[in-house]
Amino acid sequence: MIDDRRTGSHAGPVSGESRVLVVDDEPVNLALVRAVLGGEHVVFEAQDAATALAILAREDIDLVLLDVRLPDMDGFAACREIKQRHGEGFLPVLLLTALADQESRNAGLEAGADDFLSKPFDRKELVLRTRVFLRLRAQDEHIRKQLDEMRRLDQLKDDLTSLLIHDMRNPLAGIDGMLWVLRQDATGDTAEALDDAALASRHLRDAVEDLLKIRLIEQGEMRLARAPVTLRQIAQEAVATLDGEAQARGLAIEIECDRGDQLITADAALLRRAVENLIANALRYTRPRSTVTLWVQGADNAVEIAVADRGPGVPDAYKGEVFSKYRTMDQGAARQRRGSGLGLYLVKLATEAHGGVASVEDRDAGGAVFRIRLPRVAS
């Protein structure tokens, strides 16, 4: 029995050469494959499934040529075992078979085989199919390495986010406190400048808090503090937070309520932050001397808050992406609507955390309507 035989004079794999395992109980077939592939690849040989599995356990094999008739195990079962043991990554298995009926081919596909070579096989076809599947394996490895690098970079980004959040929260609180102290005795232009500084500081603090909430939700570390609350209450508190900014922009915020006093079980602070983001988004784009409207509606099974603005609207091509992370609209007709790409993403996360849906649609006579629809009963 030939249990581990490599062609050529090399004791180990040659750099740049692929490693092919051929499993066949006929020495003639082993010799033929060795003669055809040995000049281009490192060839390992086994005459039964047990030996093949042992080789796979200790060697980094790139492709398996597997006979369907082996002395110790059915070839289909051996193929299934190889695929299960290999785990992640693409290890192509080509079945060498004299069985040409469709039932046998179906059995091979069900076992995980990637292709077939009919016995007696053509030498040129053996070379070409081997090259094709080795190329596919190389591409799979390349893609996996790129994904690993993306995960590494994503982790670095998360670590940087955590560092920024940790290092910015306390200094921002100190800035807010100092601005409040200075504002007590300020008048005229100085008072106005301090108000502008306080507003900018609050926006920065809100952005930091949004980053924190997003990270906690994404990692599944945020537990919702659910309690009975009405959407009217959430809407009123959100409007109160942003009313001063609206007035500074020469805008008004109105609330229209229809059955908005129905109780839901929700994390009021998280939902309020989501509504604040929708209002802030609307204020950013609404035309001067116009109104941002909040519609609070209730039904038997669901409740809804809609924030309507009089801005440039959202082009149809962007409606499916506007709630995506870091997605901003900065091309073509959407050039007028830009942002950090985090505010609406938090809206989406907060809504989905409550079992709801966030959406956007056009508003009659121009503008956009952003909706948060939630079930009345916690999901």
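Residues numbered from 1 in each chain as written. Predicted model: local features only at pLDDT ≥ 70, side-chain atom pairs only at ≥ 80, totals over all residues. Heavy atoms only, no water.

A. Local environment of the confidence of the model for the chain. Predicted confidence across the chain gives a mean pLDDT of 84, with 90% of residues reaching 70 or more. With pLDDT under 50 throughout, residues 1–15 is counted as low confidence; its partners more than four residues away or in other chains account for 32 contacts. Below pLDDT 50 for its whole length, residues 331–339 participates in 25 contacts with residues either more than four positions away or in separate chains. (pLDDT = per-residue confidence, 0-100. Contact = heavy atoms within 4.5 Å.)

B. Main features of the nonpolar core. Judged by nonpolar contacts, the single largest core of 45 residues is most densely connected at Ile279, Leu294 and Phe370. Of all elements in the fold, only α6 (188–218), α7 (231–248), β8 (263–266), α8 (268–285), β9 (291–298), β10 (302–308), α10 (343–353) and β12 (368–375) reach the threshold of two or more residues within this core. Counting residues per element, this core draws most heavily on α8, at nine residues. (Core = buried A, V, L, I, M, F, W, Y, C linked by side-chain atoms within 4.5 Å. Buried < 20%, exposed > 50% of the residue type's maximum accessible area, 1.4 Å probe, protein only. Helix = DSSP H or I, 4+ residues; strand = E, 2+ residues; numbered from the N terminus.)

C. Summary view of the sheet that holds strand β4 (residues 93–97). Across the sheet, which stays open at both edges, the five strands sit in the order β2-β1-β3-β4-β5 with parallel pairing between neighbours. Both edges of this open sheet fall to β2 (42–46) and β5 (115–118), since each of them pairs with a single strand only. Adjacent strand axes in the sheet meet at a mean angle of 20°, parallel and antiparallel pairs treated alike. Sitting on the sheet, helix α1 (residues 27–37) touches β1 (19–23), β2 and β3 (63–67), and the angle it makes with β2 is about 175°. Together, β1, β2 and β3 form the strand contacts of helix α2 (residues 49–58), whose direction differs from that of β2 by roughly 140°. (Pairing = 2+ DSSP bridges. Axes fitted to C-alpha atoms, helices over the stretch in contact; angles between N-to-C directions.)

D. Highlighting the side chain of Asp267. Inspection of the secondary structure puts Asp267 in the loop between β8 and α8. Arg272 provides the closest opposite charge to the buried, salt-bridge-free Asp267, at an N-O distance of 7.5 Å. In terms of polar contacts, Asp267 uses its side chain to reach the backbone amide nitrogen of Ala225, at 3.0 Å. Those residues in contact with Asp267, other than ones at most four positions away along the chain, are Arg223, Leu224, Ala225, Arg226 and His354. (Lys, Arg positive; Asp, Glu negative; His and termini not counted. Salt bridge = Lys/Arg side-chain N within 4 Å of Asp/Glu carboxyl O. Polar contact = N/O pair within 3.5 Å; in protein donor to acceptor, adjacent residues only side chain to side chain.)

E. Focus on the sheet that holds β10. The strand order across the open sheet formed by five strands is β7-β9-β10-β12-β11, and the pairing between neighbours is mixed. Pairing within the sheet leaves two strands with one partner each, and these edge strands are β7 (252–258) and β11 (357–362). On average, each strand axis in the sheet is tilted by 15° relative to the strand beside it, whichever way the strands run. The sheet contacts of α7 involve β7, β9, β10 and β12, and relative to β7 the element is tilted by about 170°. This element, α10, spans β11 and β12 of the sheet and lies at about 20° to β12.

F. Structural view of unusual backbone geometry. Omega for the peptide link from Lys119 to Pro120 comes to -10°, which places this bond in the cis form. Not every positive phi belongs to a glycine, and Arg289 is a case in point at roughly 60°. The exposure class of Arg289 is exposed, given its relative accessible area of 76%. At Ala365, a position not held by glycine, the phi torsion is positive, near 70°.

G. Region of the structure containing a nonpolar patch on the surface. On the surface, Met178, Trp180, Val181 and Leu182 cluster together into a nonpolar patch covering about 440 Å² of accessible area. Structurally, Val181 can be placed in helix α5 (residues 123–184). (Patch = residues over 30% accessible without salt bridge, like charges linked within 9 Å, V, L, I, M, F, W, Y side chains within 5 Å. Areas by Shrake-Rupley, 256 points an atom, 1.4 Å probe, with all protein chains shown as cover.)

H. Representation of the packing of α6 against α10 in the model. Remark: α6 packs on α10, axes separated minimally by 10 Å, with the N-to-C direction vectors making an angle of 40°. It follows from the interaxial angle that α6 and α10 lie oblique. By crossing handedness, the relation of α6 to α10 is classed as left-handed. In contact with Asp210, Lys213, Ile214, Ile217 and Glu218 of α6, α10 contributes Tyr345, Leu346, Leu349 and Ala350. Split into classes, the residues belonging to the contact of α6 with α10 amount to six nonpolar, no polar and three charged. (Parallel < 35°, antiparallel > 145°, perpendicular 65-115°, else oblique. Left-handed = near helix turned anticlockwise from the far one by under 90°. Nonpolar A, V, L, I, M, F, W, Y, C, P; charged D, E, K, R; others polar.)

I. Spatial organisation of the environment of Gly108. Summarising the element assignment, Gly108 is placed in helix α4 (residues 102–110). By relative accessible area, Gly108 is classed as buried at 0%. Once residues lying within four places of it in the same chain are set aside, the contact partners of Gly108 are Phe76, Leu95, Ala113 and Phe116.

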